[in-house]
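Below are the chains, spelled out letter by letter.
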Amino acid sequence: EGEYLAEFQEELAGKPRVRKEHLEDEKKLLRFLRARNFKVDRAAEMYLKHLEWREEWGVDDILFQEFPERDQLLEYFPQGYHMCDKQGRPIYIQYLGGINVHKVLSFATEETIVKLFIQE
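Residues numbered from 1 in each chain as written. Predicted model: local features only at pLDDT ≥ 70, side-chain atom pairs only at ≥ 80, totals over all residues. Heavy atoms only, no water.

With that settled, the discussion passes to the side chain of Glu69. On the secondary structure map, Glu69 appears in the loop between helix H5 (59-62) and helix H6 (70-76). As a buried residue without a salt bridge, Glu69 has its nearest oppositely charged side chain in Arg70, at a separation of 9.5 Å. With residues near it in sequence (within four places) discarded, Glu69 still touches Phe107, Ala108 and Thr112. (Helix = DSSP H or I, 4+ residues; strand = E, 2+ residues; numbered from the N terminus. Buried < 20%, exposed > 50% of the residue type's maximum accessible area, 1.4 Å probe, protein only. Lys, Arg positive; Asp, Glu negative; His and termini not counted. Salt bridge = Lys/Arg side-chain N within 4 Å of Asp/Glu carboxyl O. Contact = heavy atoms within 4.5 Å.)

What follows is the structure in structure tokens.
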């Protein structure tokens, strides 16, 4: 894994959107390598698309945005965190059978809904 990781970091260095802290997050980089069976070129393509998506949706800034539709959305689209699993990871549940799509779309756009889920 180590040699693939070094090659991956070298491949990404100097690419648009790739910052130093991205290259230092070895666990995250390994996830992309594993997802593409340690094929560095395919993992790099996937990682760059990931960064492009994050930039396009403003993921890094979305935590600080306020969404007035949030409370109303939760009323018609029940969801939330429920305890943790045995390894301490939070469990997030969406009650899909309880969604009232027509009500949700009457006060929120699809883009707003996606941004709320990214924030959550």
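Tallied over the entire structure, the rule returns nine salt bridges. Here Glu45 ties to Lys49 by a salt bridge, and the two come within 3.2 Å at their closest N and O atoms. With Glu45 and Lys49 both in helix H4 (residues 40-57), this residue pair falls four residues apart, about one helical turn. Assessed through its relative accessible area of 45%, Glu45 is described here as partly exposed. Across the pair Arg54 and Asp60 runs a salt bridge whose closest N-O atoms are separated by 2.4 Å. In this structure Arg54 comes out as partly exposed when scored by relative accessible area, which is 22%. Assessed through its relative accessible area of 44%, Asp60 is described here as partly exposed.

Between its first and last C-alpha, H4 extends 26 Å over 18 residues, near the 26 Å set by a 1.5 Å rise per residue. The set of residues buried in H4 consists of Val40, Ala43, Ala44, Tyr47, His50 and Leu51. An end-on view of H4 places all buried positions within 120° of arc, on one side of the element. Looking at H4, the residues exposed on the side facing more than 90 degrees away from the buried face are Asp41, Lys49 and Glu56. Elements that come into contact with the buried residues of H4 comprise helix H1 (2-12), helix H2 (20-24) and helix H3 (26-35). Positive phi appears at Gly58, one or two residues downstream of H4, with a value of about 65°. (Expected span 1.5 Å × (residues − 1). Arc of directions from axis to C-beta.)

Turning our eyes to something else, we now look at a negative patch on the surface. Together, Glu3, Glu7, Glu10, Glu11 and Asp41 give the surface a local cluster of negative charge. Counting residues per element, the negative patch draws most heavily on H1, which supplies four residues. When you line up the elements, Glu10 lands in helix H1. Overall, Glu10 belongs to the exposed group, its relative accessible area being 66%. (Patch = residues over 30% accessible without salt bridge, like charges linked within 9 Å, V, L, I, M, F, W, Y side chains within 5 Å. Areas by Shrake-Rupley, 256 points an atom, 1.4 Å probe, with all protein chains shown as cover. Charge placed at Lys NZ, Arg CZ, Asp CG, Glu CD.)

Here Thr112 lies in helix H8 (residues 110-119). What Thr112 contacts, discounting residues up to four positions off in sequence, is Phe67 and Glu69.

Just distances and angles here, no functional claims.
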